[in-house]
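Descriptive analysis of the structure
In case you want the letters, here they are:
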Amino acid sequence: MPLGLGTAFEEMTLVLFTTLAPSGAMACIAVAGVLLFVRMGEAERLRIDRALCIPLVVAMVGLVASATHLGSPANALYVFAGVGRSPLSNEVFAAVLFLATCGLYWLFCFTERPYVRAQRIWCAFIMFFGAVFVSAIARAYDAPTVATWSTPFVPANIWLSACAGGPMLALLALRCARAVCLHRWAGKALPATAALFLVANVVCLMLQNDGLTGIWNGYGAASDLVPWYGGMIATYALAGAASVVVVAWPLHRREVPSVCRAAIACGLFFSGLFVVRFGFYMMHMTYGLGV
C-alpha cells in the first residue's frame, strides 16, 4: 500500500488551515476574555484591543489558505448554499461570522471615543463565535465516509490543539500590548493551560495512532499510510514542550517573557503542530476502494 504523502501534499493548504485557524480563534477568545473580565485602564485596554490583530491575522491566514481549496472564488456561493445541511458550509459560515465580529471590533478600537460597555458585550460575541468556529471545524473533519477520520479522536484533536496553541498565541498578543495581567495571574496561567492541553492532545493522538491498525479497506491497513505517525506525534510533543519551556523559564525567575521569547515559543508550537497535522492528512482512507 503506498504512503499517504501524495494526499497530504495535495491538501497542504488544509494542513495550514487546521494548524493556524483553531489556535488563532482560541487566542482571540482568550484575549477577548481578558478585555471582558479584567479591570484595566483606558490606555492598557487600547493596547490590548489593537494587539488583538495578532491572533486575528493568524486565523485569517489559515482561512485564506483553506479558501484556495475551493478552486475558484465563485465556488464559495455554492458553499454558502449548503449552510445548515453541510458540515463544510457550516464551517465556512462560522468562519465568516467569527472573522467579521472580531475584525469589526478591531477596526472599532481605532475610534477616538471608546465605548467600554459596548466593547465588553462585543467581546462576549467574539468568544461565542470563536467557540462556534472551532466547533464547526471539529465537526467538519468528523467525516463518516472516511474511515480514519470518523472517530472521536478527530474532533478532540482539533479542540485540544486549539486549547494548547491558543494560550501561547494569546500570551504573545498580551505581551506585545504590555498587559499588566501578565505580571499577575495570566503570565503563569497561559503557559500552564497550554502545557495541560498539550499533554491531553498527545495522549489523544497516541490513542488514535494505536487504533490505525484496526482500520482497513481493500488496499490495506491505515497504519501503512502513515508509518511515521508515532514519530510525528513525538515531534509535536517535543516542540510543544520546548515552546512552553521557552516562556516558562523567565517566569521561574519571576520575569515576564519577552516578545521575542513569546514569538519563538509560538513558532516552535506551530511547527510541531504542522507536522502532526500533515500526518493526519496522510492517513486519509475511505471505506471503499475509491478516493
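Coordinates for the structure precede this section.
The rules we used
- Residues numbered from 1 in each chain as written.
- Predicted model: local features only at pLDDT ≥ 70, side-chain atom pairs only at ≥ 80, totals over all residues.
- Heavy atoms only, no water.
- Helix = DSSP H or I, 4+ residues; strand = E, 2+ residues; numbered from the N terminus.
- Rg over C-alpha atoms; globule rule 2.2 N^0.38 Å.
- Buried < 20%, exposed > 50% of the residue type's maximum accessible area, 1.4 Å probe, protein only.
- Areas by Shrake-Rupley, 256 points an atom, 1.4 Å probe, with all protein chains shown as cover.
- Lys, Arg positive; Asp, Glu negative; His and termini not counted.
- Charge placed at Lys NZ, Arg CZ, Asp CG, Glu CD.
- Axes fitted to C-alpha atoms, helices over the stretch in contact; angles between N-to-C directions.
- Parallel < 35°, antiparallel > 145°, perpendicular 65-115°, else oblique.
- Left-handed = near helix turned anticlockwise from the far one by under 90°.
- Nonpolar A, V, L, I, M, F, W, Y, C, P; charged D, E, K, R; others polar.
- Phe/Tyr/Trp six-rings, centres within 6.5 Å; stacked < 30°, edge-to-face > 60°.
- Lys NZ or Arg CZ within 6 Å of the ring centre and 35° of its normal.

1. Regarding the overall build of the protein
Along the protein, the regular secondary structure elements total 11 helices and two strands. The order of α-helices and β-strands along the protein, N terminus first, is α-α-α-α-α-α-α-α-α-β-β-α-α. Taking 19 Å as the expected radius of gyration for a compact globule of 291 residues, we find that the protein reaches 20 Å, a close match to that expectation. The principal-axis extents of the C-alpha atoms in the protein amount to approximately 65 × 50 × 25 Å. Put simply, the protein has 291 residues, and 49% of those count as buried. Counting only carbon and sulfur atoms, one obtains 69% of the accessible surface of the protein, whose full area is about 13,400 Å². The distance from the centre of the 17 positive side-chain charges to the centre of the 11 negative ones in the protein is 15 Å.

2. Considering the packing of helix α10 (residues 229–252) against helix α11 (residues 259–282)
Taken N-terminus to C-terminus, the directions of α10 and α11 make an angle of 165 degrees; their axes are 8 Å apart at the nearest point. By the criterion of interaxial angle, the relationship of α10 to α11 is roughly antiparallel. As for how α10 packs across α11, the hand of that crossing is left-handed. Its residues placed into classes, the contact of α10 with α11 shows 20 nonpolar, five polar and one charged.

3. What to know about the environment of serine 271
Note that serine 271 resides in helix α11. For serine 271, a relative accessible area of 46% puts it in the partly exposed group. Linking serine 271 and methionine 26, residues 245 residues apart in sequence, is a C-alpha distance of 18 Å.

4. Topic: the packing of aromatic side chains
By the definition in use, this model includes 16 aromatic pairs. Note on tyrosine 141 and tryptophan 149: the rings are 5.7 Å apart at their centroids and 55 degrees apart in plane angle, and the pair reads as tilted. Tryptophan 149 gets classed as buried once you look at its relative accessible area, which sits at 9%. Between phenylalanine 269 and phenylalanine 270, the aromatic rings sit 5.5 Å apart at their centres with planes inclined by 80 degrees, giving edge-to-face as the arrangement. Neither phenylalanine 269 nor phenylalanine 270 differs from the other in exposure class; each is buried. Through a chain of ring-to-ring contacts, the aromatic side chains of Tyr105, Phe108, Tyr115 and Trp122 assemble into a single cluster. For the cation-ring pair, arginine 277 lies above phenylalanine 280, with the distance from its terminal atom to the ring centre recorded as 4.3 Å.

5. Notes on the environment of isoleucine 264
Assignment of secondary structure puts isoleucine 264 in helix α11. The spatial distance from the C-alpha of isoleucine 264 to the C-alpha of leucine 190 is 16 Å, given a sequence separation of 74 residues.

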